[in-house]
Amino acid sequence: MQYKHLGRTGLKVSRIALGTMNFGERADEAASFKIMDAALEAGINFFDTADVYGGPQSPDMVKGYGTSEEIIGNWLAQNPARRDKIVLATKVYQPMDTGPNDKYLSAYRIRRACEASLRRLKTDHIDLYQMHHIDRATPWEEIWQAMEQLIREGKITYVGSSNFAGWDIATAQCSAASRHLLGLASEQSLYNLSQRTIELEVIPALRHFGIGLIPWSPMGMGLLGGVLGKITEGRRAAPGLQQQIRRFRPQLEAYEALCQELGQAPAVVALAWLLHNPVVTSVISGPRTVEQLQQNLPAITLKLSDETLAKLDAIWPGPGGEAPQAYAW
């Protein structure tokens, strides 16, 4: 396993992070325990979850269940020594009940959500506490005051964001600096070969402020995982993914042919491409089985040549560079 500093912090995390969104929904507790055991054995020390993970969630997203956190907590309780071997990350923002203050990022909500996550995770501290989405209705002074209090109490160590726009990241950092706080250590964003919009402004902002990027959905919800060879199986048979396959079929054919030339699984190439970006700290891998986790690990050591990177850019073109050059001239 390889490790990298989480942004500008002194904390080192594995280049592959264990995503646990499937725990409790697509993987039961026994399967989840096996996945965590295998991750730890492989040297993965970065475990990522969220209070809302583990569903099933209602169609209108009015309530989360916290099942993923509970499963992790039960795993940690089996062997408390494991807690010091992992960097534990969770998130706050999504609705966890139906009350008006059971969602978003008010100081009231952050405090209560953190305490609830700690109970479910059966731990006394969260290493990375991430804001799951931006809440522009709550002032940054209030958000940072709440986070600062949790840090002071030892309940959290670092603060991260997820799904923030570039200007949200800049605003957050300026507000944190005015309070003499470290601010954001990381940002989780949707980023993969087929979805590269964050190259316009989010990635430049992260590089400027020294914030580590943690891409989620690195395989585009399965699109980049060798989908053409398995189009009738499991999740790949879902209507939404079938529509994406039809939309991107020429690119998928070229991509999977290139992967075959390289002698590498498409999923491994997709992950390796992300890890070549110096702003990327760690990539989320959210397996449903131990086998899926192990199949992704070769991406850590796969080095893609400049020629291969150019071919991938030709197949999956980005937005044309960074803003404003990408569109202004």
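The preceding data block contains the structure.
Throughout what follows, the structure given in this document is the object of discussion. All values reported here derive from a predicted model rather than from experimental measurement.

1. Structural notes on the overall build of the chain
Helix and strand counts for the chain come out as eleven helices and ten strands. Its C-alpha radius of gyration of 19 Å places the chain within 12% of the 20 Å reference for a compact globule of 329 residues. Each of the three principal axes of the chain carries a C-alpha extent, and together these read 55 × 50 × 40 Å. Taken over 329 residues, the chain has a buried fraction of 54%. Taking the contacts inside the chain whose residues are at least 6 apart along the sequence as the reference set, 75% of them involve residues at least 24 apart. In the structure as shown, the chain presents an accessible area of about 14600 Å², 52% of it carried by carbon and sulfur atoms. Looking at charge distribution, the chain has the averaged site of its 33 positive side-chain charges lying 1 Å from that of its 34 negative ones.

2. A word on the packing of helix α4 (residues 140-152) against helix α5 (residues 166-178)
Closest axis-to-axis distance for the α4/α5 pair is 10 Å, and the angle between their directions is 65 degrees. Regarding α4 and α5, the two cross each other, and that crossing is right-handed. Packed against α4, whose contacting residues are Trp140, Glu141 and Trp144, the element α5 presents Asp168, Thr171, Ala172, Ser175 and Ala176 at the interface. Its residues assigned to classes, the contact of α4 with α5 comprises four nonpolar, two polar and two charged.

3. What to know about the sheet that holds strand β5 (residues 87-92)
Here we have eight strands laid out as an open sheet, ordered β9-β8-β7-β6-β5-β4-β3-β10, and parallel in their pairing. Looking at strand neighbours, the two that pair on one side only are β9 (212-216) and β10 (283-285), the edges of this open sheet. Each strand of the sheet is rotated relative to its neighbour by a mean of 30 degrees, with strand direction disregarded. Taken strand by strand, α4 contacts β6 (126-131), β7 (156-162) and β8 (184-190), and its axis lies near 145 degrees from that of β7.

4. Here's the deal with the nonpolar core
It is characteristic of soluble globular proteins that their nonpolar side chains tend to be buried jointly. Counting residues in hydrophobic clusters, the biggest one holds 85 residues, and the most contacted among them are Leu18, Met36, Phe47, Tyr129, Met131, Met147 and Tyr255. The element best represented in this core is helix α8 (residues 266-275), accounting for nine residues. Residues Leu11, Val13, Tyr158 and Ile284 belong to the second largest nonpolar core, which totals twelve residues.

5. Details of the pattern of salt bridges
Under the counting rule described, the total for this entry stands at 16 salt bridges. In this structure, arginine 83 and aspartate 127 form a salt bridge, with 3.0 Å as the shortest nitrogen-oxygen distance. Pair noted here: arginine 83 is in the loop between α2 (67-78) and β5 and aspartate 127 is in strand β6, with a separation of 44 residues, a long-range link. One exposure class covers both arginine 83 and aspartate 127, and it is buried. The residue arginine 207 makes a salt bridge to glutamate 322 at a minimum N-O spacing of 2.9 Å. Within this pair, whereas arginine 207 is found in helix α6 (residues 202-209), its partner glutamate 322 is found in the loop between α10 (306-315) and α11 (325-328), the two being separated by 115 residues in sequence.

6. Describing unusual backbone geometry
Cis rather than trans, the peptide bond between alanine 323 and proline 324 has omega equal to 0 degrees. Of note in this structure, lysine 122 is not a glycine but carries a positive phi near 55 degrees. As for its placement among the helices and strands, lysine 122 is situated in the loop between α3 (107-121) and β6. For lysine 122, a relative accessible area of 47% translates into the label partly exposed. Notably, methionine 221 is not glycine yet its phi reads approximately 55 degrees, a positive angle. By the secondary structure assignment, methionine 221 is in the loop between β9 and α7 (239-262).

7. A look at the environment of arginine 82
Its place among the elements puts arginine 82 in the loop between α2 and β5. Distance in space between the C-alpha atoms of arginine 82 and arginine 179 is 34 Å, their sequence separation being 97 residues. Ignoring anything within four residues of it in the chain, the contact list for arginine 82 reads Asp37, Leu40, Trp75 and Leu76. At a separation of 2.7 Å, a polar atom in the side chain of arginine 82 contacts the main-chain carbonyl oxygen of tryptophan 75.

8. Considerations on the side chain of glutamate 187
Tracing the backbone shows glutamate 187 in strand β8. One buried charged residue, glutamate 187, forms no salt bridge at all, with the nearest opposite charge on arginine 136 at 10 Å. With residues up to four places along the chain from it excluded, the contact list for glutamate 187 reads Ser161, Ser162, Asn163, Phe164, Ile169, Val202, Leu206, Ile211, Gly212, Leu213 and Ile214.

9. A few points about α7
Over its 24 residues, α7 extends only 30 Å from the first C-alpha to the last, a length that falls short of the 34 Å expected when each residue adds 1.5 Å. The largest bend in α7 is about 75 degrees, located at phenylalanine 248, with the proline proline 250 one to four residues further on. Listing the buried residues of α7 in full gives Leu241, Gln242, Ile245, Phe248, Leu252, Tyr255, Glu256, Leu258 and Cys259. Just past α7, the residue glycine 263 takes up positive phi, approximately 70 degrees.

10. Remarks on the pairing of strand β3 (residues 16-19)
Successive side chains on a regular strand alternate, one facing one side of the sheet and the next facing the other. The alternating pattern of β3 places Ile16 and Leu18 on one face and Ala17 and Gly19 on the opposite face, and all of these are buried. Alignment of β3 against strand β4 (residues 46-48), held across two bridges, turns out to be parallel. Directly across from leucine 18, in β4, lies its bridge partner phenylalanine 47. Between the parallel elements β3 and β4, the chain passes through helix α1 (residues 29-41) in a crossover that is right-handed.

Criteria and thresholds
- Residues numbered from 1 in each chain as written.
- Predicted model: local features only at pLDDT ≥ 70, side-chain atom pairs only at ≥ 80, totals over all residues.
- Heavy atoms only, no water.
- Helix = DSSP H or I, 4+ residues; strand = E, 2+ residues; numbered from the N terminus.
- Rg over C-alpha atoms; globule rule 2.2 N^0.38 Å.
- Buried < 20%, exposed > 50% of the residue type's maximum accessible area, 1.4 Å probe, protein only.
- Contact = heavy atoms within 4.5 Å.
- Areas by Shrake-Rupley, 256 points an atom, 1.4 Å probe, with all protein chains shown as cover.
- Lys, Arg positive; Asp, Glu negative; His and termini not counted.
- Charge placed at Lys NZ, Arg CZ, Asp CG, Glu CD.
- Axes fitted to C-alpha atoms, helices over the stretch in contact; angles between N-to-C directions.
- Left-handed = near helix turned anticlockwise from the far one by under 90°.
- Nonpolar A, V, L, I, M, F, W, Y, C, P; charged D, E, K, R; others polar.
- Pairing = 2+ DSSP bridges.
- Core = buried A, V, L, I, M, F, W, Y, C linked by side-chain atoms within 4.5 Å.
- Salt bridge = Lys/Arg side-chain N within 4 Å of Asp/Glu carboxyl O.
- Polar contact = N/O pair within 3.5 Å; in protein donor to acceptor, adjacent residues only side chain to side chain.
- Expected span 1.5 Å × (residues − 1).
- Bend = angle between axes of the 7 residues up to and from the residue.
- Right-handed = clockwise from strand over helix to strand, strands pointing away.

Purely geometric numbers; function is a separate question.
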